[in-house]
Amino acid sequence: MSTRLATAALVGLLLASGVHAEDGHALWLRYPPVSDVALRDEYRAAISAVACPGENATLGVAREELARGLRGLLDEEVPLVNSISRDGVVVVGTPQSSPVVAALDLETDLRKVGDEGFLIRSMSVAGKRATVIAANHDVGVLYGVFHFLRLLQTHRRLEGLSLVEAPRVQLRVLDHWDNLDRTVERGYAGFSLWDWHKLPDYLDPRYTDYARANASIGLNGTVLTNVNANATVLRAEYLQKAAALADVFRPWGIRVYLTARFSAPMEIGGLETADPLAPAVARWWKDKADEIYRHIPDFGGFLVKANSEGQPGPQDYGRSHAEGANVLADAVAPHGGVVMWRAFVYSSEEPEDRAKQAYSEFVPLDGSFRPNVLIQVKNGPIDFQPREPFHPLFGAMPETPLMMEFQITQEYLGFATHLAFLAPLYEEVLRSDTYARGEGSLVADVIDGSLHGYQRTGMAGVANTGTDRNWCGSVMACANWFAFGRLAWDPMLESPAIADEWIRMTFSNDPGFVAPVKTMMLASREAVVDYMTPLGLHHLMARGHHYGPGPWVSGGPRADWTSVYYHRADEEGIGFDRTTTGSDAVSQYFPPVRDQYESLETVPEELLLWFHHVPWDHRMASGRTLWNELLYRYQRGVDRVRGMQETWRSVEGLIDSERYEQVKAFLAIQEKEARWWRDACVLYFQTFSRLPIPDGYERPERTLEEYEAITHPYAPGI
Ligand code: BDP
């Protein structure tokens, strides 16, 4: 065979097998031809045409998406039709946009789907077999189209479809910690997607790709700017830029929000105070809100970090968080906007256990916020650690809507190079039982509003996106963006199901690939917990950039920014005593959770050192002493990463080599850094326990002094 023929044959083979060059940019929206030919033929028979009339932007993108998806998956053009004169038409629309949908008897089901939901049903239309994707509003149609395509992407059968879907949470938003200079706080995927300098005149096509990806998983909002806010974004010229982004996002059902710097009335408004009770300040926020809505008629509202980590806030004037939030809420209320006010606060003077401060601050304010305020609460009481108990505020503010804040970017879970699939973390929190109203009062029930009858509900994820070609700094990290979106839509989805969808849509439906990779992903977060912070340890990372271990971190401006404050290791033992005889953080939980955490007998081992200071020779369930258990877990974490490497090697050749090689290389980094974490922590804690590393464990490669001397002046994300 000539070289040219051989190359042509190879290319043909590659195309036929669906294996082609990939850089991850297409995310989970690749739409390759369905590889199972029999199934593809079945799909072709079931889908002969699309009937999706209607002339507005959202219906336009829904129609285009459906055509694009079907063209790819079915590997043929599917015609658009106006009438149902054959079998296999996909009928798409609302009763307003589609006369066919209007003529069908769908009222009962459409009543269930609300403003953003949809139904998908196999049914007979005008005597022909059809699939109907119907909704009350255009955005529901768009979500229905993405759902339908997902069924095909994951190779589901199409007969007898009868789905009724509606999001259980209203505000499903990404929080971008993006600065106006395009750096991203805790971002590990390059620079900010928002090119403020070229906006509003140049609209990077990526803005559309971004909105499309978000819409595909049901997200409907984006906070463009960092919680450590810059008042400049509220200036007129920046509002024009934000408005240009909002225009791009609107067809995809995505609203824009901005962070509001509390001192903005002084910084850009020329006032002498930002006191929320000063009439001039209230006036300023009202005028500013009116101005914003002139630029962005469907502006979502403000996200605010106040009196936290040096940010200005109402307490600077002796006012409460409620008085601060309400002045902003009043400004946006006439336009239908909301204020997402963060509960991530801890005082600079307070000697109180930091884990307790948000609860102490906010519970007394329950009921004093305006109806358009949501309090945004991090999943745990400290700060996005690999494992934390759920935040005690969940369930404790029945009169005030609380929204969830998860972190998608892996600030504390190895940045972009560590594989840590976070759906199990999110799921663990959402399914935790607060017992606020007796057994079965799940965090998910607080978040979706059902427990306390909240009128407003929300879930925010701190984004991991950036200018990297693959969006998230790593192909695998995009699974966390996907998982967040799916859980914001339905907080009771299960991690295995989410992983299954993502793997099939992102890589392959080959069972030989899906099964092992799913197992690997589902165990990955627990591996990170093991090699970083086992048994309830937390906040052991290096100072400032948070990259790598730093259990020795002490001193500096404040105790609760050190590691020693949290692990409290001494010659007797290790752990933070948060029992009733310690900091009493346990009492912020409802019984019986409080009692479970209080007792050394009943506290889950995963949270042991979060709540207790435990002697080194304490007997664990395994029969090991605490010291030996700690070593066992650190070693297990490293071994688990090695297991992940083995799994990944076993799937070589089943996907494109580009993405395969990236994941392989990143797993090697993860293995190296898992050893680094293990060795640094074990050697450091050994200076307190003075106990030997038993036989059978790997010896640390370097000395403690060497680990302590490691610096990373240019670690990303700060
Ligand atoms: C911490 C981050 C810091 C954020 C802060 C926050 O290290 O960069 O500003 O959370 O959520 O985890 O406000």
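Residues numbered from 1 in each chain as written. Predicted model: local features only at pLDDT ≥ 70, side-chain atom pairs only at ≥ 80, totals over all residues. Heavy atoms only, no water.

With respect to the pattern of salt bridges
Applying the stated criterion to the full structure yields 54 salt bridges. The salt bridge partner of Arg642 is Glu698, with a shortest N-O separation of 2.6 Å. Of this pair, Arg642 sits in helix H21 (residues 626-650) while Glu698 is found in the loop between helix H22 (657-689) and helix H23 (704-709), placing the two residues 56 residues apart along the sequence. Bridged by salt links that share partners, the residues Asp639, Arg642, Glu671, Arg675, Arg678, Asp679, Glu698 and Glu701 form one connected network. (Salt bridge = Lys/Arg side-chain N within 4 Å of Asp/Glu carboxyl O. Helix = DSSP H or I, 4+ residues; strand = E, 2+ residues; numbered from the N terminus.)

Section: the sheet that holds strand S11 (residues 373-378)
Pairing is parallel around the closed barrel formed by eight strands, whose spatial order is S6-S7-S8-S9-S10-S11-S12-S13. Shown here is a sheet whose adjacent strand axes are inclined to one another by a mean of 25 degrees, direction ignored. As defined by bridge partners, S11 adjoins strand S12 (residues 402-407) across four bridges and the pair is classed as parallel. Along S12, the bridge assignment pairs Gln376 with Met403. (Pairing = 2+ DSSP bridges. Axes fitted to C-alpha atoms, helices over the stretch in contact; angles between N-to-C directions.)

Side note on the packing of helix H17 (residues 511-532) against H21
Interaxial distance between H17 and H21 falls to 8 Å at its minimum, and their mutual angle equals 155 degrees. In this view, H17 runs roughly antiparallel relative to H21, as classed from their interaxial angle. Judged by the sense of rotation from one axis to the other, the crossing of H17 with H21 is left-handed. Across from Phe513, Pro516, Val517, Met520, Ser524, Glu526, Ala527, Asp530, Tyr531 and Met532 in H17, the residues of H21 making contact are Arg633, Tyr634, Arg636, Gly637, Val638, Arg640, Val641, Met644, Thr647 and Trp648. Grouping the constituent residues of the contact of H17 with H21 by class yields 12 nonpolar, three polar and five charged. (Parallel < 35°, antiparallel > 145°, perpendicular 65-115°, else oblique. Left-handed = near helix turned anticlockwise from the far one by under 90°. Contact = heavy atoms within 4.5 Å. Nonpolar A, V, L, I, M, F, W, Y, C, P; charged D, E, K, R; others polar.)

Side note on the side chain of Arg30
For Arg30, the location among the structural elements is in the loop between helix H1 (3-17) and helix H2 (37-46). Separated by 2.7 Å, the side chains of Arg30 and Glu22 make a polar contact. Only 3.3 Å separates the side chain of Arg30 from the backbone oxygen of Thr506, close enough to count as a polar contact. (Polar contact = N/O pair within 3.5 Å; in protein donor to acceptor, adjacent residues only side chain to side chain.)

Description of helix H12 (residues 354-362)
Of all the residues in H12, the buried ones are Arg354, Ala355, Lys356, Gln357, Ala358 and Phe362. Tucked into the core, H12 has its buried residues touching helix H11 (321-332), strand S10 (338-342), S11 and helix H18 (564-567). For H12, the side-chain oxygen to backbone nitrogen distance between the N-cap and Ala355 is 2.9 Å, and the N-cap itself is Asp353. (Buried < 20%, exposed > 50% of the residue type's maximum accessible area, 1.4 Å probe, protein only.)

Quick notes on the environment of Arg182
Inspection of the secondary structure assignment puts Arg182 in the loop between strand S6 (171-175) and helix H7 (205-216). Remark: the alpha-carbon pair of Arg182 and Thr225, spanning 43 residues in sequence, is separated by 9.9 Å. Contact partners of Arg182, with chain neighbours within four places excluded, come to Phe191, Ser192, Leu193, Trp194, Asp195 and Thr467.

Looking at the pairing of strand S4 (residues 128-134)
When you tally the buried positions in S4, you get five out of seven residues, the bulk of the element. Pairing geometry for strand S2 (residues 89-93) and S4, over five bridges, is parallel. In the sheet register, Val91 faces S4, and the bridge partner there is Val132. Pairing of strand S3 (residues 118-125) with S4, which is carried by seven bridges, proceeds in the antiparallel orientation. Of the residues in S4, the one forming a bridge with Met123 is Ala130. Following S3, the chain reverses through two residues before pairing antiparallel with S4; Ala126 in that reversal takes a positive phi of roughly 50 degrees.

Description of the packing of aromatic side chains
Throughout the structure, instances matching the rule amount to 37 aromatic pairs. With a centroid separation of 6.2 Å and an interplanar angle of 80 degrees, the aromatic rings of Tyr589 and Phe611 are classed as edge-to-face. Of this pair, Tyr589 sits in the loop between strand S14 (573-574) and helix H19 (593-598) while Phe611 is found in helix H20 (residues 608-611), placing the two residues 22 residues apart along the sequence. The exposure class of Phe611 is buried, given its relative accessible area of 1%. Directly above the ring of Tyr238 sits Lys241, whose terminal nitrogen or CZ lies 5.3 Å from the centroid. Looking at Lys378, its charged tip hangs above the ring of Phe344, at a distance of 3.2 Å from the centre. (Phe/Tyr/Trp six-rings, centres within 6.5 Å; stacked < 30°, edge-to-face > 60°. Lys NZ or Arg CZ within 6 Å of the ring centre and 35° of its normal.)

Structural notes on the site of the ligand
Near the ligand you find 14 residues, and of these Glu185, Lys305, Arg342, Asp383 and Glu411 are the closest. The contact in question runs from an oxygen atom of the ligand to an N or O atom on the side chain of Arg186, over 2.9 Å. Arg342 places a polar side-chain atom, nitrogen or oxygen, 2.6 Å from an oxygen atom of the ligand. In the complex, the protein chains occlude 97% of the 320 Å² of accessible area that the ligand would expose alone. Of the residues that constitute the shell around the ligand, the class distribution is four nonpolar, two polar and eight charged. (Near = heavy atom within 4 Å. Areas by Shrake-Rupley, 256 points an atom, 1.4 Å probe, with all protein chains shown as cover.)

Some words on the sheet that holds strand S5 (residues 162-165)
The strands making up a sheet are joined through hydrogen bonds of the backbone, oriented either antiparallel or parallel. In spatial order, the strands read S1-S2-S4-S3-S5; together these five strands make up an open sheet with mixed pairing. One side of each edge strand has no neighbouring strand; the edge strands of this open sheet are strand S1 (49-51) and S5. Geometrically, the sheet is characterised by an average inter-axis angle of 25 degrees between neighbouring strands, direction not taken into account.

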